[in-house]
2 protein chains.
Amino acid sequence: MTAANHTELTPLSFMERASVVFAAKEAVVYGDRRTTYAELAAEATRTARGLRDAGVGAGDRVAYLMPNLPEMLVAHFAVPLAGAVLVAINTRLSGPEIEYILDHSGSRVLVVDTELYPTVAPHLDAAGGLAEVFTVDDLGTGTPAGTSALADAVATARADPLPWTVTDERAPISINYTSGTTGRPKGVVYTHRGAYLNALGELIHSRHTPGSVYLWTLPMFHCNGWCTTWAITGIGARHVCLRAVDPGEIWRLIREEGVSHLNAAPTVLISMANAPEAGPFPRELIATTAGAPPSPTIIEEMEALGARIVHVYGLTETYGPHTVCEVQDDWEGVEGAQRARLLARQGVSYIIADPTRVVDEAMDDVPRDAATMGEVVMRGNNVMAAYFQDPDATAAAFRGGFFHSGDLGVQHPDNYIQLRDRAKDIIISGGENISTIEVEQAVMSHPAVLEAAVVAVPHDTWGERPKAFVVLKDGASTGEAEIIEHVKATIARFKAPDTVAIVDALPKTSTGKVQKYVLRDREWTGHDARIH
Amino acid sequence: MTAANHTELTPLSFMERASVVFAAKEAVVYGDRRTTYAELAAEATRTARGLRDAGVGAGDRVAYLMPNLPEMLVAHFAVPLAGAVLVAINTRLSGPEIEYILDHSGSRVLVVDTELYPTVAPHLDAAGGLAEVFTVDDLGTGTPAGTSALADAVATARADPLPWTVTDERAPISINYTSGTTGRPKGVVYTHRGAYLNALGELIHSRHTPGSVYLWTLPMFHCNGWCTTWAITGIGARHVCLRAVDPGEIWRLIREEGVSHLNAAPTVLISMANAPEAGPFPRELIATTAGAPPSPTIIEEMEALGARIVHVYGLTETYGPHTVCEVQDDWEGVEGAQRARLLARQGVSYIIADPTRVVDEAMDDVPRDAATMGEVVMRGNNVMAAYFQDPDATAAAFRGGFFHSGDLGVQHPDNYIQLRDRAKDIIISGGENISTIEVEQAVMSHPAVLEAAVVAVPHDTWGERPKAFVVLKDGASTGEAEIIEHVKATIARFKAPDTVAIVDALPKTSTGKVQKYVLRDREWTGHDARIH
């Protein structure tokens, strides 16, 4: 509905605005490609028309499988402009996983990077609803047989405008499939209203201005880049696209393009700070980080280079970030590890979200004592509409009128929440809860340690005990006993790992999250199934 | 409606958030009074309950007549928290004008500053719906007879929480009366949704952070302080209240409280820059300005002191600012008068508004040639719901699906709009609108006056002031001073003309309409073209 005084909320309006206000401004940088906002809006329009020419109708799903290319950014406007729903698929998934998502979402069209095409090609016949496959030939290897070049469809499509409006702000704009660590991935449905409001929240909490230069380290397929695809466009800032996360390339772009903002998991920040190219940032870099609590060590290292860390927390089901660790005035005098400890907390709700709670099983708030654990539950316009075609899972997630995150945390006396663990990661040792996050941070405070992951391993007496997997810094050396002693000197002794494995690398998701379940599953092979 | 994934938008949520996130932070500074957000939320709750105790029910109007006191800020949350609608009245209006607003709005309760009480006291009986008058004794002169102290009602009210939620985001939150350019003032109805979204727009375009210290130079009764009452609270920044705009006091607060932001008409900036206390700002000051285009001189002066000027434009009907003069990257090398000319344009729509248009009488866009004049029309969620109880005026304002501003402007090739003139001959004096028709009627109410025309004439301090051209009745005699005194006794004193010219006749069209532009053009010869 549109009247003089009512416009349904949609991030499509952000592209319309940018094309009017910043028509001649460089909107997207990718290698030698430089695109203005007028050109970007025109490309989104022609792409939308190309999709319609391929039979995409209102409410149809359109799947994209590609890295952070300009075409992927365009998709965030073109697909909803065509009246359709974007399904951005994690590029690291296996063929069968992608097949499941294509089939479950009923996607009518797939747009795929040519490098990723071989992964998905054997599975296309099984994806029932698929009528057309377009490829994007970023690497110049040619258009695979049986596919059409998206560029051709866009070039031949009509260019006359489509309205940057929607008739119902609560209609779906995208479906983002969870990583499905427990069972099948679930399709998280975002609405135009939710995406619009969450995008405004990103602008406010990451302090974007039209002068922002945003580096795409975070995958756009991850919560639509935390809605930053839409947000950066709305404020008319600049997108710097990135095919793959490589510390050397990140540092080059920071210096050559004047990058001011990026979103990244702490592991990406660790690789940046420890890269040979590391040095002071040429302008303040606002690094908005989530996926795991940033360790005091990485916060100190990044700040020393001139970064401002914005620590946020959320899930796919909350359009990405839902809480932010707001920095209080009276933290100003607090330095070093104590300050980093304050900043490592997940914090408080975004301005556009309802207050976040930590509740017991009766849905009562836990005491604000920084000790009593409960489940983190959320509410607000940036909570998903539903799990796509899964009313049972939706109802379960929304029981009691809140979204249940499955994360365990505490609430501090200042109302800040702090995660203690995923429900499935927590270690129960002799009846005591041990937070793997707390142990990991103690391990990482050892100067030789680059990264660490702690998981529960079976133990005859205690049920479970912590085990640490550790990656050392280049050239550093230490041993199991020294690390264990270091942890015992840092936190309660019973929380120290019994064993430490020095490894070359940790298993990670495409967004840089450590896959603790991979480590854990190995340890539990041959034992009874873990019951939590 | 509230579900896990849907919350009706309301700025009430901003106070809930601040009371959780910034509970112990200093929220409001006013003289020796220092209030935390926890205290502010508690005061809003008790005020809401006090209003309910006084009989205020859902949808009732509650009028406030006071300067920028903490109580006025509290009203922006307390009144909607009580389920009621805030009517914030211009403190410069005359008794009969206030009476009209009280009566037309059907206000049930009036809360008035004791200093302003004598102005309104003789008119209270005529305001039919008024059941209770509370006073706020900021100056310590005592509670006038026949009124109750608001402080007593608040102190004795219950403190248990009320929900910071609404059941319908499109319900009214406030009514702001226009200055009545053509006849009677009209009541502009704001909704919770519009206020919420406009507040987010203010945060984004004025670049607020939780560290902002906002000085209340802009009256809160003016478009609810451009929704900044709500916005500053939402982001958890600090309000610095101010009873009267005085350059010395402004400079003292800038230095002692570390002010980072203020909103003000260019005339206020002129008085600041020319005050004896002027000097470099201790931290960057973002001065968001509207009401008239800032002159090159004041932009240069303020920037030299360390300010950043954000030039915005809007009307009461658009919740305050609707457009912003976004600074483009390629203006960076542009200096001096040329840069100021770019910045003096009204610009482009806020991120939360639909694109602003300049149209001809057929509602077609005028050419983007910086020359062809048309009417500025707006659309979006920050356009008023309606004129209160005036469907005819509402329909007229919304003809063609856009809000008609009555302002004439041009559109530049870069899509920026610039105002050229007011269709309604409005005078903008020190940021306040003065209706020429209203002044003419006051002049003509003098028994010796036959005809009168009032136009804007240039003024160094106020931008514009009214000048009256008067034709006397045959045989009647009076002088300039007597006419001015007569007007001051009739309407608000600041609306009285500074000069009165007694003339033999007024220039008129063949159909007998007075040609005010002829009079105005004479007065502006030798001055810069009138550009509002």
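Residues numbered from 1 in each chain as written. Chains lettered and ligands numbered in written order. Predicted model: local features only at pLDDT ≥ 70, side-chain atom pairs only at ≥ 80, totals over all residues.

### Thoughts on the packing of helix α7 (residues 192–205) of chain B against helix α9 (residues 228–235) of chain B
Residue and element names in this part refer to chain B. At a minimum axis separation of 8 Å, α7 and α9 run at an interaxial angle of 65 degrees. With respect to α9, the axis of α7 lies roughly perpendicular. In this structure, α7 meets α9 at a crossing whose hand is right-handed. Residues Ala 195, Ala 199, Glu 202 and Leu 203 of α7 touch α9, and the partners they reach there are Thr 228, Trp 230, Ala 231, Gly 234 and Ile 235. A class-by-class count of the residues in the contact of α7 with α9 yields six nonpolar, two polar and one charged. (Axes fitted to C-alpha atoms, helices over the stretch in contact; angles between N-to-C directions. Helix = DSSP H or I, 4+ residues; strand = E, 2+ residues; numbered from the N terminus. Parallel < 35°, antiparallel > 145°, perpendicular 65-115°, else oblique. Left-handed = near helix turned anticlockwise from the far one by under 90°. Contact = placed C-beta atoms within 7 Å. Nonpolar A, V, L, I, M, F, W, Y, C, P; charged D, E, K, R; others polar.)

### Things to note about the nonpolar core
Ranked by internal contacts, the top residues of the largest apolar core, which has 307 residues, are Ile89(A) and Ile89(B). Non-local contacts of Ile89(A), meaning those with residues more than four positions away in its chain, are made with Ala63(A), Tyr64(A), Leu65(A), Ile98(A), Ile101(A), Tyr177(A) and Phe221(A). One finds Ala452(A), Ala453(A), Ala468(A) and Val500(A) within the second-largest nonpolar core, a separate group that totals 21 residues. (Core = buried A, V, L, I, M, F, W, Y, C linked by C-beta atoms within 7 Å. Buried ≥ 20, exposed ≤ 12 C-beta atoms within 10 Å, placed from the backbone.)

### Comments concerning the pairing of strand β20 (residues 374–378) of chain A
A regular strand places its side chains on the two faces of the sheet in alternate fashion. Residues and elements named next belong to chain A. Counting buried positions over the five residues of β20 gives four, a clear majority of the element. Relative to β20, strand β19 (residues 357–359) runs antiparallel, the two sharing three bridges. From the neighbouring strand, Val 359 faces β20, where its bridge partner is Glu 375. (Pairing = 2+ DSSP bridges.)

### Some thoughts on the packing of helix α1 (residues 12–21) of chain B against helix α2 (residues 37–53) of chain B
A packed helix pair is summarised by two numbers, namely the angle formed by the two axes and the spacing between the axes. Residues and elements named next belong to chain B. It is the contact of α1 with α2, at a shortest axis distance of 8 Å, that shows an interaxial angle of 140 degrees. One finds that α1 runs oblique with respect to α2. Handedness of the crossing formed by α1 with α2: left-handed. Between α1, through Met 15, Ala 18 and Ser 19, and α2, the contact on the second element is made entirely by Tyr 37, Ala 38, Ala 41 and Ala 44. The residue inventory of the contact of α1 with α2, partitioned by class, reads six nonpolar, one polar and no charged.

### Looking at helix α1 (residues 12–21) of chain A
With nine of ten residues buried, α1(A) lies mostly within the body of the structure. Within the sequence span of α1(A), burial applies to Leu12(A), Ser13(A), Phe14(A), Met15(A), Glu16(A), Arg17(A), Ala18(A), Ser19(A) and Val21(A). On its buried face, α1(A) is in contact with β3 (26–30), α2 (37–53), α3 (70–81) and α9 (228–235) of chain A together with β18 (348–349) of chain B.

### Remarks on the domain arrangement of chain A
Interfaces are frequently sized by the accessible area removed from exposure as the parts join. Residues and elements named next belong to chain A. Partitioning chain A into domains gives domain 1 (13–20 + 38–161 + 172–191), domain 2 (245–386 + 404–422) and domain 3 (427–524). One C-alpha centre belongs to domain 2, the other to domain 3; they are set 21 Å apart. With 15 residues of domain 2 at the interface, the matching set in domain 3 holds 14 residues. Looking at the side of domain 2 that touches domain 3, the elements with two or more residues in it are α11 (266–273), α12 (296–305) and β23 (417–422). In terms of residue class, the side of domain 2 that touches domain 3 is built from eight nonpolar, five polar and two charged. (Domains from an automatic or database assignment.)

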